[in-house]
Amino acid sequence: MKKVFALAMLVMALLVSACGGGEEKAAVKPTPAEDVATICNALLHFDDAALKKVGLNPEEYQKEFLGGFSKSFIESSGIAFSDEQVAKVNDAVENAFKRATIKTETVSEEGNKATVKVTVDTFEKFTEDLVTAKFPENIAELPESERNDAIINAAIATLQDLKVTGNADLTFECQYNEEAKMWAPVGDDYAAKIAAAIFSI
């Protein structure tokens, strides 16, 4: 999850340069919940408009963010998957994140400080048992390339089939950045916490 921490910090730095400075953007001050929803949609739903609003290139962000998840999968498996196979896992992870509903609510607001509640869907935990249950019966007999394809396909099918088991509420202290004209959670671990809650990590 280190990449998520780094990307959250990058967002905070970019907010100042990408969102501030324009008189036309200072007309209406958004609610804390609205801005946190924009950030969540950018970081976890990969919404192009939201990513651009916080100053991130959608294609580069997706590659960087999802690369962290696929790297963990590859390292845990000990198998040298092809770039094409890794890309398929990335797509499946992205689609899983997009399936998770994210709602925000302003709990309190005073001056430039606020408390925002983020409610997310939680999936059943992605486990090795769920993946291996989708292996073909003859997987041990398959040539290496076909066996690797079977593992990737099982992982993708598992991600697609993850069931929503409930939801989780996370509360974040937020601050309004006068220069960026935007509310944002304080600190750099909020994205990682939300992602972990979604995947029951």
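Draft legend 1. Seen up close, the overall build of the chain. Counting its regular elements, the chain contains eight helices and four strands. Start at the N end of the chain and walk to the C end: the helices and strands fall as α-α-α-α-α-β-β-α-α-β-β-α. For the chain, buried positions account for 44% of its 201 residues. Residue pairs in contact within the chain that sit at least 24 positions apart in sequence constitute 71% of those at least 6 positions apart.

Draft legend 2. Highlighting the nonpolar core. If you look at the biggest cluster of nonpolar residues, it comprises 52 residues, and the most contacted ones within it are F97, V118 and V120. The residues touching V118, leaving out its near neighbours within four places in the chain, are V36, C40, I102, K103, T104, A168, D169, L170, F172 and I194.

Draft legend 3. How the structure looks around the packing of aromatic side chains. Within this structure, the stated rule accounts for six aromatic pairs. Each ring, one from F46 and one from F97, has its centre 6.2 Å from the other, and the planes form 70 degrees; the classification is edge-to-face. Linking F46 in the loop between α2 (32-44) and α3 (48-53) with F97 in helix α5 (residues 83-99), this pair joins segments that are 51 residues apart in sequence. With a relative accessible area of 3%, F46 lands in the buried category. Relative to F199, the ring of F123 lies with its centre 5.8 Å away and its plane at 50 degrees, an arrangement referred to as tilted. Residue F123 is found in strand β2 (residues 113-123), and its partner F199 is found in the segment after α8 (190-198); the two are separated by 76 residues along the sequence. Judged by relative accessible area, F199 falls into the buried class, the value being 8%. Ring pairing ties together the aromatic residues F46, Y61, F97, F123 and F199, which thus form one cluster.

Draft legend 4. A look at the packing of α2 against α8. Remark: α2 packs on α8, axes separated minimally by 11 Å, with the N-to-C direction vectors making an angle of 65 degrees. Taken together, the axes of α2 and α8 are roughly perpendicular relative to one another. In the crossing of α2 with α8, the sense of the turn from one axis to the other is right-handed. Each of I39, C40, L43 and L44 in α2 lies in contact with α8, whose residues at this interface are Y190, A191, I194 and A195. By residue class, the composition of the contact of α2 with α8 is eight nonpolar, no polar and no charged.

Draft legend 5. Spotlight on the environment of T119. One can find T119 in strand β2. Classification of T119 by relative accessible area gives buried; the value is 19%. In sequence terms T119 and D169 are 50 residues apart; their C-alpha atoms lie 4.5 Å from each other. Once you skip the residues sitting within four places of it in the chain, T119 turns out to touch T101, I102, K103, N167, A168 and D169. At 2.6 Å, the side chain of T119 forms a polar contact with the side chain of D169.

Draft legend 6. Inspection of the sheet that holds strand β1 (residues 102-110) at higher detail. In spatial order, the strands read β1-β2-β3-β4; together these four strands make up an open sheet with antiparallel pairing. Two strands close off the open sheet at either side, each with one partner strand: β1 and β4 (182-185). Taken over all neighbouring pairs, the strand axes of this sheet differ in orientation by 30 degrees on average, direction set aside. Bridging between β2 and strand β3 (residues 164-177) involves 11 bridges; their strand directions are antiparallel. The partner of V118 across the bridge, within β3, is L170.

Calculation notes
Residues numbered from 1 in each chain as written. Predicted model: local features only at pLDDT ≥ 70, side-chain atom pairs only at ≥ 80, totals over all residues. Heavy atoms only, no water. Helix = DSSP H or I, 4+ residues; strand = E, 2+ residues; numbered from the N terminus. Buried < 20%, exposed > 50% of the residue type's maximum accessible area, 1.4 Å probe, protein only. Contact = heavy atoms within 4.5 Å. Core = buried A, V, L, I, M, F, W, Y, C linked by side-chain atoms within 4.5 Å. Phe/Tyr/Trp six-rings, centres within 6.5 Å; stacked < 30°, edge-to-face > 60°. Axes fitted to C-alpha atoms, helices over the stretch in contact; angles between N-to-C directions. Parallel < 35°, antiparallel > 145°, perpendicular 65-115°, else oblique. Left-handed = near helix turned anticlockwise from the far one by under 90°. Nonpolar A, V, L, I, M, F, W, Y, C, P; charged D, E, K, R; others polar. Polar contact = N/O pair within 3.5 Å; in protein donor to acceptor, adjacent residues only side chain to side chain. Pairing = 2+ DSSP bridges.

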